[in-house]
Amino acid sequence: MMLNLPAGLLAAALLFWSWRTEWWPLALPMALVLEWAPWTNWRWSLDDKALVRVIDLTTLLWVGALILLFIRYLNQPPLATHLYTLASWFPLLLFPPLAIQRYSTAGAFRVGHLFYSLRHSSRQLAWQPLKLDLAYFTVCLLAASVTMQSGYLFGAGPLLLWLLIAARPRRYRWPLAVTLALVAGCAAWPLSLGLHRFQLAMEDRYAEWFQDWLVDFDPYRSSTALGDIGELKLSDRVVLRLQPMPGERGRWLLRAASYNSYFDNVWRARDTRFTRLTPTDDGRQWWLNTASEGQSRHVSIILELRRGAGMLPLPPGAWRLEELPVGDLEINTLGALKAREGPGLVRYKVQYAPDIKAPSPLARESWDGEELDLALPRREQVTLQRLAGELGLIGQSPAVVAAKVRAFLLGQFRYSLDLPAPATGQTALETFLLQAKAGHCEYFATAAVLLLRAAGVPARYATGFSVSEYSPLEGSYIARRRHAHAWALAWIAGRWQDLDATPPDWTSFEESRTPWYQGLGDLWDWLNYQFNRWRWREITGEEGDNRWLWGLVGLLAAILFWRLLRRQQIHRSAIKKSAPITVRPGVESPFYQVLDQIAVHRGSRPLGETLENWLRRIGVWEMPSMVDMLRWHQRWRFDPIGLPTGEQQQLAEAVAVWLARVESP
C-alpha cells in the first residue's frame, strides 16, 4: 500500500529545507512544479524503457555530484563538513525523477526500475509500484538537519504532525491524534539533544578512523598548514600519556617537528636530511646527544604508533631515550625523531636537561647562518617589517626582541577558535595581525616566528603537544588531540629556545567547551589503552596486569544482574554548566618568565608564601632590577587602573635584560 501525501506537504518540506540551507532561488520553483501537477491535465506518455532511462540518468547525476564534491573538497578538511554538503544536495538530486513521476501517465515507478537485476525479472517484487513522494519528504527533512542552525524540531515537528494526521486511520478522531503527536513531540525534544551530542561524538570517531585507515597514511609530514592543528582542537581523544619524576609538576612542551620555510599559509621543512641512529645496550637505548654534565631529569612517555610508525615528541634538551622498542630510529637536521618498525603502543623514558648548551652532533642544533631561518614570505614581508619597526625591534638583542614580541602578542591579541575569513587583499596572517587580532596557537606561533625574523633573529616554527592536564583515572598526565600546540623556536644566547606567545588561558578556554559526556570518552580511551598494553606486552617488556580485565568482567556481571532484577531506575544526573572564562589581570606579564627561570634553579615557591618573602629567602631579592620588576608586576596584577603601556614596555625590557644576564655563559 502506497501512502498518498496531502496536498501542499511536499512544498512545505521544500520550503523548510530552503530556509535551513538558504536554497530559496531553487526551492520556490521546485515547490511550484511539484504542487502544480494535480491541477493540470498535461502528462508525459512514458513507457517502461523511458522510465528506466530516467533512473539511469538520476544515477549519473548522483555520481557526478560525488565526483564534484571530492574534486573540490577532498583536500579541504574537515571531511564531515563536505559529507554534510552532499546531504544538503539530496532534494536537488532526487527532484528530477519525482517531477517526472508526477507528470507521467504511469504516475509511479516500479521496484524493478531501481535495480538492474530486477529489470527483466518476472518476480512479483519487480512489478510492485513505487512512488517517491514519501521518500522525497524524508530526504527534505534529512537535508534540512545538516546545518548548524537551531530550531530544527520546531520546523520538522509540524510537518510530521501534518503527515501523521493525514495518514491516520479514520476510526481515530483528529483531536486524539493531535494530542498523542504533541506528547511524542515533547518527549522527542530531550531525546533529540542527546542524539545530537552522540552524533557529534561519533563524527569525531569516524573522521579519525577514516583519516587513519582510508586516507593515504604519512606519519612523517614535511609540511603543516595553518588550520591543521585547529582541526585537532575539535577532538578530546587522549593520544599521549606522560609520567614525570616523583613530585614533579608543571607544563611540558613536547616538540614533535619543526619547520623553517613559510609560504602561502603552509610551513615546510626544507633542506633537511635524516640520519639513522644506532641503538646501544639491549637495542632499546638511543643516544641523541652527549651526556648532560648538570642535573638531568627524566619523563616516561606512552604513545600510540599508527601501523608502528610516527614522530616521537620530546621535551627540550633531550639527550637519551631508554626502553624504546623500535627497529629503526632517525633524526633529521631540525631535531625531529622518526620511528619505524615498532609496536602499536610504545613507552619510552626520555633523559633531558632543559638548560643543555652542547649542540647535538646529529641535528642542526646550532645556527650557522642558514638563510631559511631568517627568510620572510614575500606577500607578508612589508607588513612584518613595518610592525617590527613600530615595535622597536630593529637593532635590539635577541632576548629583548623575543620579550617584546611575546609581550605584543599577549597584550593585544586573544585566543579563539572562531576565525573570520581573510579580508579582501590580505592573507590570513595579515588579517590576524591587523584586524581580527584573535586566533589559535598556529597564528600566534607563525606571527612570533616571522616577527623575530623581521628583527634579524633566527627563528623556526615548532609543533607538538602542551601537556598539563592530570588524569586521576590513569594516574598520569595526558595530552588530548585538542592539546596539539604550536610555538616558536628562537636562537638566543647560542641555543634554540622555546618561545610560546599563545595566551596562557587557551587551555581553560578549550576546557570550557568540554562536553558533559567527556568522562565516558575518557573511560573508553583508558580501556583501549589497557587493551593495547596487554596486546603489546611481550614487545614492550611490560608485565601484564589483569586487574582491569577482572574489573571489566565484574562491571559486565553487575550490569547483567541489574538487567535481571530490574528493581531500580537509572536517573540521569544534571548537566553541569561550565564555569565562565575569567581572565585575570596581569597574566601576560613577562615577569612570569623570571619566576619560571628562578623556579627551575631554586625550586617552586611554596603555597602561602608571598613573592617578596620567597625572593628574599632564596637570595635573589638583591639582584639588579628585581625590586622594580616585582613592583611593576604587582601593579599590573592588582592595581584597578592597571599598568600603563610605557611601564609595561619597561618591564618587558628589564625582564629581557635579566634573562639575558642569567642565561649568558
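Residues numbered from 1 in each chain as written. Predicted model: local features only at pLDDT ≥ 70, side-chain atom pairs only at ≥ 80, totals over all residues. Heavy atoms only, no water.

Asker: How should I be thinking about the overall build of the chain in this particular structure?
Answerer: Per the secondary structure count, the chain includes 22 helices and 22 strands. Burial status across the chain gives 44% buried among its 665 residues. The long-range share in the chain, meaning contacts at least 24 apart out of those at least 6 apart in sequence, stands at 73%. (Helix = DSSP H or I, 4+ residues; strand = E, 2+ residues; numbered from the N terminus. Buried < 20%, exposed > 50% of the residue type's maximum accessible area, 1.4 Å probe, protein only. Contact = heavy atoms within 4.5 Å.)

Asker: What exactly am I supposed to notice about the sheet that holds strand β22 (residues 495–499) here?
Answerer: Note on sheets: strands pair through backbone hydrogen bonds, and any given pair is parallel or antiparallel. Pairing within the open sheet is antiparallel, and its 4 strands lie in the order β5-β18-β21-β22. Bordering the open sheet on either side are β5 (252–259) and β22, each of which pairs with just one other strand. Along the sheet, successive strands turn relative to each other by an average axial angle of 40°, direction set aside. Pairing between strand β18 (residues 459–467) and strand β21 (residues 484–492): 7 bridges, direction antiparallel. Within the sheet, the bridge partner assigned to glycine 464 lies in β21 and is histidine 485. (Pairing = 2+ DSSP bridges. Axes fitted to C-alpha atoms, helices over the stretch in contact; angles between N-to-C directions.)

Asker: Please explain the pattern of salt bridges as it appears in this structure.
Answerer: In a structure, side chains of opposite charge can pair up when their charged atoms sit close to one another. Per the counting criterion, the structure on display carries 21 salt bridges. Measuring nitrogen to oxygen at the nearest pair gives 3.0 Å for the salt bridge that ties arginine 102 to aspartate 133. Of this pair, arginine 102 sits in helix α5 (residues 90–102) while aspartate 133 is found in helix α7 (residues 133–144), placing the two residues 31 residues apart along the sequence. Of the two residues, arginine 102 and aspartate 133, neither departs from the other in class, the shared state being buried. (Salt bridge = Lys/Arg side-chain N within 4 Å of Asp/Glu carboxyl O.)

Asker: Teacher, can you tell me more about the sheet that holds strand β12 (residues 318–322) here?
Answerer: The strand order across the open sheet built from 7 strands is β9-β12-β15-β10-β4-β20-β19, with neighbouring strands paired in antiparallel fashion. In this open sheet, the two edge strands, each paired with only one partner strand, are β9 (286–287) and β19 (469–471). Where β9 lies against β12, 2 bridges are found, and the strand directions are antiparallel. Note that in β12 the partner of tryptophan 287 across the bridge is arginine 320. Packed onto the sheet, helix α16 (residues 518–535) meets β4 (238–243), β10 (297–304), β15 (345–352) and β20 (476–480) and runs at close to 70° relative to β4.

Asker: What is the right way to look at the pairing of β15 in this model?
Answerer: The side chains of a regular strand alternate between both faces of the sheet. Counting buried residues along β15, 6 of its 8 residues qualify, which places the element largely inside the surrounding structure. Note that β10 and β15 share 8 bridges and pair antiparallel. Within the sheet, the bridge partner assigned to isoleucine 301 lies in β15 and is tyrosine 348. Pairing of β12 with β15, which is carried by 4 bridges, proceeds in the antiparallel orientation. Looking across to β15, one finds that alanine 318 is bridged to tyrosine 352.

Asker: Just to check I follow, could you spell out the packing of helix α1 (residues 9–21) against helix α8 (residues 152–167) for this structure?
Answerer: To describe two helices that pack against each other, one gives the angle between their axes and the distance between the axes. Between α1 and α8, the shortest axis-to-axis distance is 11 Å and the interhelical angle comes to 170°. Regarding the angle of α1 to α8, the classification is roughly antiparallel. Contact with α1, carried on its side by Leu9, Ala12, Ala13, Phe16 and Arg20, involves Tyr152, Gly155, Ala156, Leu159, Trp162 and Leu163 of α8 and no other residues of that element. Tallied by class, residues from the contact of α1 with α8 come to 9 nonpolar, 1 polar and 1 charged. (Parallel < 35°, antiparallel > 145°, perpendicular 65-115°, else oblique. Nonpolar A, V, L, I, M, F, W, Y, C, P; charged D, E, K, R; others polar.)

Asker: Mind showing me how you'd approach helix α22 (residues 645–663) here?
Answerer: Quick reminder: α-helices carry 3.6 residues per turn. Residues three or four places apart thus point the same way. Taking 1.5 Å per residue, 19 residues should reach 27 Å; α22 reaches 27 Å between its end C-alpha atoms and fits that length. All of the buried residues along α22 are Glu647, Leu651, Ala652, Ala654, Val655, Ala656, Trp658, Leu659 and Glu663. Considering only its buried residues, α22 is in contact with α12 (398–412), β22, α19 (591–602) and α21 (626–638). (Expected span 1.5 Å × (residues − 1).)

Asker: Would you explain the packing of aromatic side chains in this entry?
Answerer: What characterises a pair of aromatic rings is the spacing of the ring centres plus the angle enclosed by the ring planes. Tallying each qualifying case throughout the model produces 17 aromatic pairs. Ring plane angle 75° and centroid distance 5.2 Å describe the contact between phenylalanine 432 and phenylalanine 444, whose orientation is recorded as edge-to-face. You can see phenylalanine 432 sitting in helix α13 (residues 428–436) and its partner phenylalanine 444 sitting in helix α14 (residues 441–454), a full 12 residues away along the chain. By relative accessible area, which is 0% here, phenylalanine 444 ends up buried. Taking NZ or CZ as reference, arginine 320 lies 5.0 Å from the ring centre of tryptophan 287, over its face. (Phe/Tyr/Trp six-rings, centres within 6.5 Å; stacked < 30°, edge-to-face > 60°. Lys NZ or Arg CZ within 6 Å of the ring centre and 35° of its normal.)

Asker: Please explain the pairing of β5 as it appears in this structure.
Answerer: When you tally the buried positions in β5, you get 7 out of 8 residues, the bulk of the element. Relative to β18, β5 runs antiparallel, the two sharing 7 bridges. Within β18, the position partnered with serine 258 by the bridge is alanine 462.

Asker: Can you help me understand the environment of threonine 431 in this one?
Answerer: Of note, threonine 431 is situated in helix α13. Assessed through its relative accessible area of 6%, threonine 431 is described here as buried. Sequence separation between threonine 431 and proline 420 is 11 residues; the distance between their C-alpha atoms is 8.6 Å. Excluding residues that lie within four positions of it along the chain, threonine 431 makes contacts with Ala421, Pro422, Ala423, Gln426, Ala436 and Lys437.

Asker: Hey, could you run me through the nonpolar core in this one?
Answerer: Generally speaking, nonpolar side chains in soluble globular proteins are found buried as a group. Of all hydrophobic cores here, the largest spans 43 residues; its most connected members are Val405, Leu409, Phe432, Leu433 and Leu452. Only β5, α11 (381–390), α12, α13, α14, β18 and β21 provide two or more residues apiece to this core. Ranked by residues supplied to this core, first place goes to α14 with 11 residues. Those residues within four positions of leucine 452 in sequence are excluded, and the remaining contacts are Val401, Ala402, Val405, Val457, Ala459, Ala490 and Leu499. Counting residues in each nonpolar core, the second largest holds 39 residues, with Leu93, Ala99, Leu132 and Val146 among its members. (Core = buried A, V, L, I, M, F, W, Y, C linked by side-chain atoms within 4.5 Å.)

Asker: Help me understand the side chain of glutamate 322, please; the structure alone is not making it clear to me.
Answerer: Structurally, glutamate 322 is set in strand β12. Exposure remark for glutamate 322: the relative accessible area of 14% places this residue in the buried category.

Asker: Would you take a moment to explain the side chain of serine 471 for this structure?
Answerer: By secondary structure assignment, the location of serine 471 is in strand β19. When its relative accessible area of 11% is taken as the criterion, serine 471 is described as buried.

Asker: Which parts of the structure should I look at to understand unusual backbone geometry?
Answerer: Note: most peptide bonds trans; most residues except glycine with negative phi. A positive phi angle is found at glutamate 323, which is not glycine, with a value near 65°. Residue position: glutamate 323 is located in the loop between β12 and β13 (328–332).

Asker: Honestly, α8 in this entry has me stumped. Any pointers?
Answerer: A rise of 1.5 Å per residue sets the reference length of α8, with its 16 residues, at 22 Å; its end C-alpha atoms lie 23 Å apart and thus fit the reference within 8%. If you check which residues of α8 are buried, you get Gly155, Ala156, Leu159 and Leu163. Taken end-on, α8 shows its buried residues confined to a sector of 85°, consistent with a single buried face. More than 90 degrees from the buried face of α8, the exposed residues found are Phe154 and Leu164. (Arc of directions from axis to C-beta.)

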